[in-house]
Each structure stands twice: as structure tokens, then as C-alpha cells.
Amino acid sequence: MSAPYAIRIHETGGPEVLKKESIDPKQPGPDQALVLQSAVGLNFIDTYFRTGLYPAKFPFTPGGEGAGVVEAVGEGVTHIKPGDRVGYVASGTYATHVTLPAANLLPLPDSISDETAAAVMLKGLTAWMLLFEIRPIKKGDTLLVWAPVGGVGSLLVPWAVSLGARVIAVTSSDKKAAIARASGASEVIVGYDNVAEQVKALTDGKGVDVALDSVGKTSFDGSLSSLKPRGWMISYGNASGAPDPVPPGRLAQGGSLVLTRPTLFNFIATPEALARGAGLLFGALKDGTLKADIGQRFALSDVADAHRALESGKTIGATILVP
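Here the structure is a predicted model, which is why all the values come from computation and not from measurement. Counting of residues starts from 1 at the beginning of each chain's written sequence and follows it residue by residue. Restriction of local features to residues with pLDDT of at least 70 applies here, the model being predicted, together with a cutoff of 80 or more for giving and counting side-chain atom pairs; totals for whole chains, interfaces and linings are based on all residues. Think of the side-chain values as coming from all heavy atoms in the structure, minus any hydrogens and water.

Student: How should the environment of methionine 129 be read in this particular structure?
Tutor: Structurally, methionine 129 is set in helix α2 (residues 114–134). Buried, partly exposed and exposed residues are distinguished by accessible area as a fraction of the type maximum, computed with a 1.4 Å probe on protein chains only: under 20%, between the cut-offs, and over 50%, respectively. We classify methionine 129 as buried; its relative accessible area is 1%. Remark: the alpha-carbon pair of methionine 129 and alanine 169, spanning 40 residues in sequence, is separated by 19 Å. Under the scheme used here, helices are H or I runs from DSSP no shorter than 4 residues and strands are E runs no shorter than 2 residues, and both carry numbers assigned from the N terminus.

Student: When you look at helix α4 (residues 174–182) in this model, what are you seeing that I'm missing?
Tutor: For an α-helix, 3.6 residues make a turn, and residues three or four places apart therefore share a direction. All buried positions along α4 are accounted for by Lys176, Ala177 and Ala180. One side of α4 holds all its buried residues, which, seen down the axis, span an arc of 105°. Exposed residues on α4 whose side chains face more than 90 degrees from its buried face are Asp174, Lys175 and Ala182. In this structure, the buried side of α4 is in contact with α3 (153–162), β9 (166–171) and β10 (187–190). Phi turns positive one or two residues past the end of α4, at glycine 184, with a value near 125°. Within this analysis, the arc is defined by the directions that extend from the helix axis to the C-beta atoms. For this analysis, residues touch if any pair of their heavy atoms sits within 4.5 Å.

Student: Any chance you could explain the packing of aromatic side chains here in plain terms?
Tutor: Here a ring pair, both rings aromatic, is described through the centre-centre distance and the interplanar angle of the planes. Planes of paired rings set the category: under 30 degrees apart is stacked, over 60 is edge-to-face and the rest tilted, where pairs are Phe, Tyr or Trp rings (Trp by its six-membered ring) whose centres lie within 6.5 Å. This model, assessed by the stated rule, comprises 6 aromatic pairs. Each ring, one from tyrosine 48 and one from tyrosine 54, has its centre 5.1 Å from the other, and the planes form 65°; the classification is edge-to-face. Classification of tyrosine 48 as buried rests on a relative accessible area of 6%. Here tyrosine 54 falls in the partly exposed class, since its relative accessible area comes to 21%. Each ring, one from phenylalanine 49 and one from phenylalanine 60, has its centre 5.0 Å from the other, and the planes form 35°; the classification is tilted. With a gap of 11 residues between them, phenylalanine 49 in helix α1 (residues 44–51) and phenylalanine 60 in the loop between α1 and β4 (65–73) connect regions that are remote in the sequence. Since its relative accessible area comes to 21%, phenylalanine 49 is described here as partly exposed. Its relative accessible area of 18% is what places phenylalanine 60 among the buried residues. An aromatic cluster of three or more residues is present, and its members are Phe44, Tyr48, Phe49, Tyr54 and Phe60. By definition, being over a ring means that NZ of Lys or CZ of Arg is both within 6 Å of the ring centre and within 35 degrees of the ring normal. Between lysine 20 and the ring centre of tyrosine 5, over which it is positioned, the NZ or CZ distance is 4.4 Å.

Student: In this structure, what is going on with the pattern of salt bridges? I would like to understand it.
Tutor: Side chains bearing opposite charge may pair, as long as their charged atoms lie close to each other. Throughout this description, the term salt bridge denotes a Lys or Arg side-chain nitrogen within 4 Å of a carboxyl oxygen of Asp or Glu. The tally for this structure, following the rule as stated, stands at 14 salt bridges. For the salt bridge of arginine 85 with aspartate 114, the shortest nitrogen-to-oxygen distance reads 2.6 Å. Of the two residues, arginine 85 is situated in strand β5 (residues 85–89) and aspartate 114 in helix α2; the sequence distance between them amounts to 29 residues. For arginine 166, the salt bridge is made with glutamate 187, and the minimal N-O distance between the two is 3.2 Å. Placement of the pair is arginine 166 in strand β9 and glutamate 187 in strand β10, with a sequence separation of 21 residues. When salt bridges that share partners are traced, they join Arg135, Lys138 and Asp141 into one network.

What follows is the structure, encoded as C-alpha cells:
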């Protein structure tokens, strides 16, 4: 393994602002742990910080999930020890080593590899939040899922289907449509034009109970217009840019619609909540409901290329960065 390093940005911009810099791993203080990372997950939110869509204090180390082996623990840490394999959702994971609050670290079952954990921790807990915590999905619900073969979408579709939901997916190509159908989507709309009209045709004019939208600007109105009266739109990403503001009257006109923009960290703010979500996620991985669909791997030092692939829509499933 190379000498310890992190990927940092000192200004917003394109993938070229991601810089490899040497670091001295920080020894853990009380209630902290030092982890040698073996795999890091790539997520669209990483690009939001890089471009300035989300504010960051520079220098900034992107990354929101990873997995590795505990090297040292600080005073007061009892649930993990050096040598344990752990997975986590945490800030600043574009690095060979991370020092984190020990409460964020989840011991990994033997059945879950480090790469699997890095591929699904943030994305899988996001899927859990969307399906179980906001407007719990129940048997007989009809869902509209955008980007069904992306990192989160590839988990959302089979998990929702396992709960008894009907999934109508929206994607950008016939190749991705075939993958979405194979993962359980009942119907797939290819392309972003006239989505609401197609959804209404597929649902006998009724619309869907819940729209799960990670695309943002280009999909936002299509999601709202696809809902049943009193339907829920859950906007959880801005892959095409931030959507335009929506006046409250638009929700009334659509039939007393509910619109929310959740952030995962509000749903895993306590150890109990994190354990609840991780328990369901690990259980779904163990019983085969979910799998880590790792479509591509990049060296962490080549993360700029990974960002280019992600933003161009060329990735399928999860992307892993290997330190």
C-alpha cells in the first residue's frame, strides 16, 4: 500500500480540482477510532460538494461511506477493537485512513465483505430511509423510481418489490431499462419526456402513491404530475441540477400532495436509529433481497476519472474507490 494520503479540494470546479495529498493519520481521541480503509463508496453527493452546489469549508475531503479495519481506538470505546472490520457513513472518506466517532462504526458480519459494505452503507441506508422511515411503503403501493439502476435506485427497486410494491421506473436507455426490469420493475419508461402522461396511462389515470426522485431539475415536475391525490414526492437528489422553487399552491392543485427533501443524517442521528437501519439493511443483504451491484472500480488516486464517469451517466450500480 502507498503512503497515507487523502483526496482534497481547495476550490470548487470540475474533477480536476480533486488533489491527492499526503497525510499523517490522526490518532484517535476519546470515543474515536482510526480505520485503515479498504474500500470507499462513490456517491453523487460527492460531486455536489466539488461543484459548490452544497457548501463546503476548504480544504475539503469528499466522501460519505467506506469500510476497513480498525487500527486503534480511543478511550471509552468498547463495541469495537483493533482488527475488527467495520462499515460506516461518515464525512471525509476519500483517504487511506480516517479517524471517526466510534459510534458511527458498525461491525460487519462475516457474510458482508468490505467492498459490499462500502458500496451499500450510504446508498443502502438512504434506501432504508426512503422506504421505511419517511412514508413507509406497504403492499399494494405503486412507486415511481427515477434512476433505477444507479447506486441508490438499484437497491430501491428490489427492496420495494420485496415489500409488495409495484415499481414504475424511469431511465435513460434501453440497456438500463432491461436491468431495471430484471431487478423487479413492473414497467420502465425510457427517456424523460411526457413521463407523467405515461405514468397515468400505466395506472388507469390514477397516478402513483410515491415518487422517489434523485434526478432533480429535469424530473421534478414530472414526479409531481405523476402522483395520486395526497401522494408523496420524495426528492433526494439533484443529478440534473437543483429544481426550481415550487409554490405551495402547486401541491394543493395536484390534490393535497406532500413534498419532502430528506437528508439521511437526520434519520441516523442516534446510535439506535443507525442500528435500526443497519439491521434491516444487513438482513436484506443476508437473505438475498439486496446485493451489492458493483458496476465499476477505480483507484482512489484516479477519483477524478470516477467523477467524470458518474456525471456522464456511464456508471451502472455502485462504484468503488480502492485506496
